[in-house]
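Listed below are the residues making up each chain.
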Amino acid sequence: MRVLVTGGAGFIGSAVIRQLIRDTAAVVVNLDKITYAANPQALEETATNPRYHEVRCDICDRARLAGVFEEHRPDAVIHLAAESHVDRSIDGPAEFVQTNIVGTFALLETARAWQTGRRRSGFRFLHVSTDEVFGSLAPGRSPFAETAPYAPNSPYSATKAAADHLVRAWGETYGLPVLITNCSNNYGPWQFPEKLIPVMVISALEGGPLPVYGTGENIRDWLHVEDHAAALRLVLERGRPGARYNIGGDAERSNIAVVREICAAMDARFPGRSPHARQIRFVADRPGHDLRYAIDAATIRRELGWRPERSFEEGLAATVDWYLAHADWWRTIRATRCPGARRGLAAV
Ligand code: NAD
């Protein structure tokens, strides 16, 4: 099988590629524009494998995409390329509209031409989306099932929702064998150090403030990135074309609970500097900040037998250790690609 992964140098894409190379016989083509968010180091273990290929390409560039499909002849696409940071989408939504909507359209058109032109049987297009398209879930309400109505609240989630609708329409109208997954918040190694968990581990280590938005009561449903990658492989191999699968870790935690758990992990590792929780500072909330996301993953569990391998506690402890062991990587990025200034307040 030849699998084309878009956004393969990103946080989740690189986990998918590491698994595909390590655990399957697939040939993998990583198509990535290499934006500020890309982590080529996360693919060092696959770089010399003869089944691994890299193509630097923007998914909005249709002429280039057609050439890549002709050259690499994919049997399947896993589409992860996106602008992915909500705070950045508030300050600069144009890039999100371009990559997440126009780029998905360009990729769908390329895949359609590739698939129908040669009548490829078995071709699959897996679009990777987020639970944020469903909007904010009231406390006490049941987690989002695949049938939950769309109600995106941020420029990021609105562009992901638009992309989901395009993918669905290309399946219904043109018969492209599409699959859509909507996953909850991921965490784990190689996550860009502007996202919640890396920011907290790094700030705790450096003795700086731990900035918690609002009151910290916002709830997210956490899933380790390796468990997400395993779910995506399963959906690609055994999912029903035209179906959608919600993916989540059954691990709802408020942001403040996650931060306190990180502080406790740091206290255990650096008792001389405890309690790290005294570094917590409550800062201005994100505009339009969704209160709660939670995913009902019953369909993928029942149909495909998927379940996460790690509990949130195990995964978080391992992630804290990973960031402590990879300071060279995140220090370089923080010095060059994500200066500490607060983002996402442009709407205020
Ligand atoms: P990321 O920001 O870490 O990586 C995105 C990758 O896409 C980068 O390597 C970047 O260079 C590439 N890219 C961006 N624009 C591109 C373009 N125009 N052409 C080609 N490549 C481009 O993102 P991530 O956290 O790995 O998320 C991957 C996908 O999973 C996204 O579609 C996101 O919406 C979705 N998702 C993420 C989460 C999460 O918690 N991180 C949860 C659910 C779904």
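The coordinates are above.
Nothing here was measured: the structure is a model prediction, and the numbers come from that model. (Residues numbered from 1 in each chain as written. Predicted model: local features only at pLDDT ≥ 70, side-chain atom pairs only at ≥ 80, totals over all residues. Heavy atoms only, no water.)

Quick look at the packing of helix α8 (residues 255–269) against helix α10 (residues 312–325)
- At a closest axis distance of 10 Å, the pairing of α8 and α10 adopts a crossing angle of 60°. On the basis of their axis angle, the class for α8 and α10 is oblique. Where α8 crosses over α10, the handedness of that crossing is right-handed. Between α8 and α10, the residues in contact are Val258, Glu261, Ile262, Ala265, Met266 and Arg269 and Phe312, Glu313, Leu316, Ala317, Val320, Asp321 and Leu324, respectively.
- Residues of the contact of α8 with α10, tallied by class, amount to nine nonpolar, no polar and four charged. (Axes fitted to C-alpha atoms, helices over the stretch in contact; angles between N-to-C directions. Helix = DSSP H or I, 4+ residues; strand = E, 2+ residues; numbered from the N terminus. Parallel < 35°, antiparallel > 145°, perpendicular 65-115°, else oblique. Left-handed = near helix turned anticlockwise from the far one by under 90°. Contact = heavy atoms within 4.5 Å. Nonpolar A, V, L, I, M, F, W, Y, C, P; charged D, E, K, R; others polar.)

With respect to empty space enclosed by the protein
- Within the structure shown, the criterion is met by one cavity of 30 Å³ or more.
- Looking at the largest cavity, its volume works out to about 50 Å³.
- Taken together, Val86, Glu132, Ser154, Arg220, Arg286, Pro287, Gly288, His289, Asp290 and Tyr293 make up the lining of the largest cavity.
- Grouping the constituent residues of the lining of the largest cavity by class yields three nonpolar, three polar and four charged. (1 Å grid on protein atoms, 1.4 Å probe; cavity = no way out; pocket = protein on both sides within 12 Å on 5 of 7 lines; lining within 4 Å. Points joined across faces, edges and corners; volume = space filled by probe spheres on them.)

Overview of the pairing of strand β5 (residues 124–130)
- Burial analysis of β5 places seven of its seven residues in the buried class, which makes it a mostly covered element.
- Burial along β5 is two-sided: Arg124, Leu126, Val128 and Thr130 facing one way and Phe125, His127 and Ser129 facing the other are all buried. (Buried < 20%, exposed > 50% of the residue type's maximum accessible area, 1.4 Å probe, protein only.)

Focus on the sheet that holds strand β7 (residues 185–187)
- On the basis of which strands lie adjacent, the open sheet formed by three strands has the order β7-β9-β11 and mixed pairing. Each edge of the open sheet is held by one strand with a lone partner, namely β7 and β11 (252–254). Here the strands of the sheet are splayed against their neighbours by 50° on average, with no regard to which way each runs.
- Sheet analysis places β7 next to strand β9 (residues 219–224), joined by three bridges and oriented parallel. Note on β9: the bridge partner recorded for Asn185 is Trp222.
- The strands that α8 touches are β9 and β11; relative to β11, the one it contacts most, it runs at about 85°. (Pairing = 2+ DSSP bridges.)

Considerations on the packing of helix α6 (residues 196–206) against α8
- Where α6 meets α8, the closest approach of the two axes is 10 Å, and the angle between their N-to-C directions is 40°. The pairing of α6 with α8 is recorded here as oblique in orientation. As for how α6 packs across α8, the hand of that crossing is right-handed. Residue-level inspection shows Leu196, Ile197, Met200, Val201, Ala204 and Leu205 of α6 in contact with α8, the latter providing Asn255, Val258, Val259, Ile262 and Met266.
- Per-class residue counts for the contact of α6 with α8 are ten nonpolar, one polar and no charged.

Quick notes on the pattern of salt bridges
- Here the structure, examined in full by the defined rule, presents 20 salt bridges.
- Where Arg22 meets Glu226, a salt bridge forms, and the shortest distance between an N and an O atom there is 4.0 Å. Taken together, the residues span a long stretch of sequence, with Arg22 in helix α1 (residues 11–23) and Glu226 in helix α7 (residues 225–238) at a distance of 204 residues.
- Residue Arg244 pairs with Asp164 through a salt bridge whose shortest N-O separation is 3.9 Å. Linking Arg244 in strand β10 (residues 244–247) with Asp164 in helix α5 (residues 155–174), this pair joins segments that are 80 residues apart in sequence. (Salt bridge = Lys/Arg side-chain N within 4 Å of Asp/Glu carboxyl O.)

Examining the site of the ligand
- The local shell around the ligand holds 28 residues, among which Ile12, Asp32, Ser84, Tyr156 and Lys160 are the closest.
- A distance of 2.6 Å is found between an oxygen atom of the ligand and a side-chain nitrogen or oxygen belonging to Asp32.
- Within the side chain of Tyr156, one N or O atom sits 2.6 Å away from an oxygen atom of the ligand.
- Bound to the protein, the ligand loses 96% of the 840 Å² it would expose on its own.
- Among the elements of the structure, α1, β5, α5 and β7 are those that each provide at least two residues to the shell around the ligand.
- Counting residues per element, the shell around the ligand draws most heavily on β5, which supplies three residues.
- Partitioned by chemical class, the residues of the shell around the ligand number 14 nonpolar, ten polar and four charged. (Near = heavy atom within 4 Å. Polar contact = N/O pair within 3.5 Å; in protein donor to acceptor, adjacent residues only side chain to side chain. Areas by Shrake-Rupley, 256 points an atom, 1.4 Å probe, with all protein chains shown as cover.)

Side note on the sheet that holds strand β6 (residues 178–183)
- Reading across from one edge, β3-β2-β1-β4-β5-β6-β10 is the order of the seven strands in this open sheet, with parallel pairing throughout. Of all strands in the sheet, those bounded by a partner on one side alone are β3 (52–56) and β10. Direction aside, the axes of adjacent strands within the sheet are offset by 20° on average.
- Two elements, β6 and β10, share four bridges in a ladder whose sense is parallel. Bridge assignment links Thr181 to a residue of β10, and that residue is Tyr245.

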